[in-house]
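Here is what each chain is made of, one letter per residue.
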Amino acid sequence: MTLVLGGARSGKSAHAEALIERSPGPWTYIATAQAFDDEMRERIALHRARRPAGWETIDAPNDLAGAVAALPPGRPALVDCLTLWLTNVMLAESDLSAEAAALEAACAAAPGPLVLVSNEVGLGIVPDNALARRFRDEAGRLNQRLAARADRVVMIVAGLPLTLKEETR
Amino acid sequence: MTLVLGGARSGKSAHAEALIERSPGPWTYIATAQAFDDEMRERIALHRARRPAGWETIDAPNDLAGAVAALPPGRPALVDCLTLWLTNVMLAESDLSAEAAALEAACAAAPGPLVLVSNEVGLGIVPDNALARRFRDEAGRLNQRLAARADRVVMIVAGLPLTLKEETR
Amino acid sequence: MTLVLGGARSGKSAHAEALIERSPGPWTYIATAQAFDDEMRERIALHRARRPAGWETIDAPNDLAGAVAALPPGRPALVDCLTLWLTNVMLAESDLSAEAAALEAACAAAPGPLVLVSNEVGLGIVPDNALARRFRDEAGRLNQRLAARADRVVMIVAGLPLTLKEETR
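What counts, and at which threshold
- By convention here, each chain's residues receive numbers from 1 onward along its written sequence.
- Chains carry letters from A onward and ligands carry numbers from 1 onward, assigned in written order.
- Two thresholds apply to this predicted model, a pLDDT of at least 70 for residue-level local features and 80 or more for giving and counting side-chain atom pairs, whereas whole-chain, interface and lining totals are computed over all residues.
- The basis for every side-chain value is the complete set of non-hydrogen atoms in the structure, without hydrogens or water.
- Counting from the N terminus, the helices are DSSP H or I runs at least four residues long and the strands are E runs at least two residues long.
- The atom set for the radius of gyration is the C-alpha atoms, and the globule formula is 2.2 Å times the number of residues raised to the power 0.38.
- Only protein chains enter the area calculation, which uses a 1.4 Å probe; residues under 20% of their type maximum are buried, those over 50% are exposed, and those in between are partly exposed.
- Every residue pair with non-hydrogen atoms within 4.5 Å of one another is taken to be in contact.
- All tallies of charge rest on Lys and Arg as positive and Asp and Glu as negative; His and the ends of each chain are not included.
- Lysine's charge is taken at NZ, arginine's at CZ, aspartate's at CG and glutamate's at CD.
- One side-chain nitrogen of Lys or Arg within 4 Å of one carboxyl oxygen of Asp or Glu is enough to make a salt bridge.
- Helix span, as expected, comes to 1.5 Å for every residue beyond the first.
- It is the directions from the helix axis to the C-beta atoms that the arc portrays.
- Nitrogen and oxygen atoms within 3.5 Å of one another constitute a polar contact, given that in protein one can donate a hydrogen and the other can accept it, and given that sequence-neighbouring residues count only through two side-chain atoms.
- The pairing criterion is simple: DSSP has to find at least two bridges between the two strands.
- The axes used here are C-alpha line fits, helices contributing only the stretch in contact, and every angle between their N-to-C directions lies in the interval 0 to 180 degrees.
- Here the angle decides the label: under 35 degrees means roughly parallel, over 145 means roughly antiparallel, 65 to 115 means roughly perpendicular, and every other value means oblique.
- A crossing counts as left-handed when the near helix is turned anticlockwise from the far one by less than a right angle, and as right-handed when that turn is clockwise.
- Each residue receives one of three labels: charged for Asp, Glu, Lys and Arg, nonpolar for Ala, Val, Leu, Ile, Met, Phe, Trp, Tyr, Cys and Pro, and polar for the others, Gly being one of them.
- Between 30 and 60 degrees the pair is tilted, below 30 it is stacked and above 60 it is edge-to-face, where a pair is any two Phe, Tyr or Trp rings, Trp via its six-membered ring, whose centres lie within 6.5 Å.
- Alignment of the copies relies on least squares applied to C-alpha atoms, considering only residues that score at least 70 for pLDDT in both.
- Each of two parts loses accessible area, computed with a 1.4 Å probe, when they are put together; buried area is these two losses added.

Taking an unreviewed UniProt entry as the reference, chain A is identified by name as Bifunctional adenosylcobalamin biosynthesis protein belonging to Methylobacterium oryzihabitans.

This is how it looks when you write it as structure tokens:
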């Protein structure tokens, strides 16, 4: 299990795709994005257009743990991204703590190579509004939890990886 | 002297506590937070609840240099955090440059192991309002000054340390 | 060609100046800042005051590719910074994609050592307004493109360099 962190337009998705393609395909792309508006629809289309043949795409905006648990044995999978999933869970007013625990357990039990993409959002000034502050806190906590579980954590800056954790088994 | 940098919910306080507990206790926790509202009160209570026995807590929202200078000989201490102290100094309209110089001198002369926690806040988009921009500038300058003095500087991302400086004496 | 990334007040300009001064002078400073208001005028004056003798300053708020292409053979040059240039190009509503391609080509063909300074702006919470989001995306893309071309990429945090890429030729 690898966690790929990075800022906006840091190249984290492209890096994560390259990582998972080191395992033999076919690969599953678990997409968490929900298209609420044109800007979002455009971003999703751009991401899809980049993926070549050999990729199966599954949409899991809310039940991400279920999608990970349902992966076929040995199938390499990429989750893009945790931050959008967190947004969806918060908007749905689901029990975040239970959802995060279920996700963690599903990822730890994943039957094949798994790469998770997540945004780092806590390195700017404190946001003005309380919801953004809560989101920032939850995103930080989620990243910490999954980083603790992952075998490998990389942060992408300007397309370049910086290794934060590398466990050899 | 160690400087621990990190974003919101990066795990920097937990990392700093683990670092200082490598020195034999008792330890002093120098808290700079001021509880202006319920959100802040809750954050402070959470931080306090995490600290086990063997910790003495001192509140120094403004006179941080004085609190560091008054530490007993050899006492390991943790300052959490510089960014809240900077907020307090700016709100009090004190002479920031003199206060920062006094803090630097006190930290350099600290009689025991000292770990300083500070937020990195300059990696987002330029803030809309002038006060936030000024704060961001001052926080960056303060981090640079203390990083130059420190023997060790680490940045925490998702709970994982990234060493920026390590001086062996 | 070296790309120096960093947040606000991270010490990236001072680091970039120290880097380019390793090559024998005189040095050219290519400034992209435009003084729209007093705050900006003050920042520019501070930056200029820090540069010692032996530096020639060229203003290139828009035609940065032209300024790089016009450097005398072997002349070491520092571009500070790409992020302000991007702001200027977006405000001028120029063809950003063509401008970025011209800049990339000019940098790759630069006749002497070249150090580019750029801001990392994508590590905070998603900005409220669409223009800031677009700027953040374009800044990330530009940093990725130039990082891919550069021989060396460093990120500056609290005045300390973190090497992201180092190519030995």
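Text resumes after the structure shown.
K.L.:
What is the right way to read the overall build of chain A from this model?
P.N.:
Assigned secondary structure in chain A consists of six helices and seven strands. Listing every helix and strand of chain A by position from the N terminus yields β-α-β-α-β-α-β-α-α-β-α-β-β. Taken against the 2.2 N^0.38 rule, which gives 15 Å for 169 residues, the C-alpha radius of gyration of chain A at 15 Å falls within 12% of a compact globule. Summarising its shape, the C-alpha atoms of chain A cover approximately 45 × 40 × 35 Å along the three principal directions. Burial statistics for chain A: of 169 residues in total, 56% are counted as buried. Across chain A, contacts joining residues at least 24 apart in sequence account for 74% of those joining residues at least 6 apart. Measuring between centres, the 18 positive side-chain charges of chain A sit 4 Å from its 21 negative side-chain charges.

K.L.:
I'm lost on the pattern of salt bridges in this one. Help?
P.N.:
Oppositely charged side chains can pair when the atoms bearing their charge come close. Residue and element names in this part refer to chain A. Going through the model one piece at a time under the given rule, you end up with 29 salt bridges over all chains. Between E138 and R134 there is a salt bridge, with the nearest N and O atoms lying 3.9 Å from each other. Here E138 pairs with R134, and both are found in helix α6 (residues 130-149), just four residues apart, close to one helical turn. Accessibility expressed as a relative area gives 18% for E138, which makes it buried.

K.L.:
What should I look at first to understand helix α5 (residues 96-108) of chain A in this one?
P.N.:
Residue pairs three or four apart in sequence face the same way in an α-helix, which turns once every 3.6 residues. Residue and element names in this part refer to chain A. For α5, spanning 13 residues, the distance from its first C-alpha to its last is 18 Å, which sits close to the expected 18 Å at 1.5 Å a residue. Turning to α5, its buried residues are L96, A100, L103, E104, A106 and C107. Relative to the axis of α5, the buried residues are bounded by an arc of 165 degrees and lie together on one face. As for α5, its buried residues are in contact with α3 (64-69), α4 (82-91), β5 (114-119) and α6. Between a side-chain oxygen at the N-terminus of α5 and the backbone nitrogen of S97 the separation is 3.2 Å; the capping residue is D95.

K.L.:
Help me understand the sheet that holds strand β7 (residues 160-166) of chain A in this model?
P.N.:
Adjacent strands of a sheet form backbone hydrogen bonds with each other and so pair up, either parallel or antiparallel. All names here are of chain A. Pairing is mixed in the open sheet, where seven strands are placed in the order β3-β2-β4-β5-β1-β6-β7. Each edge of the open sheet is held by one strand with a lone partner, namely β3 (55-59) and β7. Neighbour-to-neighbour, the strand axes of this sheet turn through a mean angle of 20 degrees, independent of strand direction. Here strand β2 (residues 27-31) runs beside strand β4 (residues 77-80); their pairing, made up of four bridges, is parallel. Bridge pairing in β4 links Y29 to L78. In the packing of helix α1 (residues 12-20) onto the sheet, the strands contacted are β1 (2-6), β2, β3, β4, β5, β6 (152-157) and β7, and the crossing angle to β5 comes to about 175 degrees. Contacting β1, β4 and β5, α4 crosses the sheet at an angle of about 65 degrees to β5.

K.L.:
Would you mind showing me how to read the packing of helix α4 (residues 82-91) of chain B against helix α6 (residues 130-149) of chain B here?
P.N.:
Helices that pack against each other are described as a pair by the angle of their axes relative to one another and the distance between those axes. Residue and element names in this part refer to chain B. The interhelical angle for the contact between α4 and α6, taken along N-to-C directions, is 130 degrees, at an axis separation of 10 Å. The pairing of α4 with α6 is recorded here as oblique in orientation. The two elements α4 and α6 meet at a crossing, and its hand is right-handed. For the pair α4 and α6, the contacting residues are L82, T83, W85, L86, T87 and M90 in the first and L131, R134, F135, E138, A139, L142 and L146 in the second. Of the residues in the contact of α4 with α6, the class split is nine nonpolar, two polar and two charged.

K.L.:
Even after reading the chapter, I still don't get helix α2 (residues 38-50) of chain B, so can you show me in this structure?
P.N.:
Taking 1.5 Å of rise per residue, the 13 residues of α2(B) would be expected to cover 18 Å, and the 19 Å separating its terminal C-alpha atoms lies within 8% of that figure. The residue sitting at the N-terminus of α2(B) and contributing the capping side-chain oxygen is B:D37; that oxygen lies 3.4 Å from the backbone nitrogen of B:E39.

K.L.:
I keep staring at unusual backbone geometry and nothing clicks. Help me out?
P.N.:
A negative phi angle characterises most non-glycine residues, just as the trans form characterises most peptide bonds. Look at the link from A:D80 to A:C81: it is a cis peptide, with omega at 0 degrees. Within the fold, A:C81 resides in the loop between β4 and α4. Positive phi, normally seen in glycine, also occurs at C:R9, with a value near 50 degrees. Even without being a glycine, C:A158 presents a positive backbone phi close to 50 degrees.

K.L.:
Help me understand the packing of aromatic side chains, please; the structure alone is not making it clear to me.
P.N.:
The geometry of an aromatic ring pair is captured by the separation of the ring centres together with the interplanar angle, meaning the angle of the planes. Counted under the stated rule, the structure contains six aromatic pairs over all chains. One aromatic cluster in this structure is built from A:W27, A:Y29 and A:W55.

K.L.:
Would you take a moment to explain the relation of the copies chain B and chain C for this structure?
P.N.:
Two copies of a chain can be linked by a rotation about an axis combined with a shift along that same axis. Relative to chain C, chain B is turned by 120 degrees and slid 0.0 Å along the rotation axis, the superposed coordinates differing by an RMSD of 0.0 Å. What we have between these two chains is a three-fold relation. Taking the C-alpha atom as reference, chain B places B:G124 closest to the rotation axis, 2.4 Å from it.

K.L.:
Even after reading the chapter, I still don't get the interface of chain B and chain C, so can you show me in this structure?
P.N.:
Across the boundary between the two partners, chain B contributes 20 residues, which contact 23 residues of chain C. Interface area, chain B with chain C, both sides summed: about 1700 Å², of which 64% is carbon and sulfur. Our count for the contact surface shared by chain B and chain C stands at one salt bridge. Of the charged contacts in the structure, one is a salt bridge between B:D137 and C:R9, with a shortest N-O distance of 3.4 Å. Our count for the chain B to chain C interface comes out at six residue pairs in polar contact (both at pLDDT 80 or more). Only α6, β6 (152-157) and β7 (160-166) of chain B provide two or more residues apiece to the side of chain B that touches chain C. At eight residues, α6(B) tops the list of elements feeding residues into the side of chain B that touches chain C. When its residues are assigned to classes, the side of chain B that touches chain C shows eight nonpolar, six polar and six charged.

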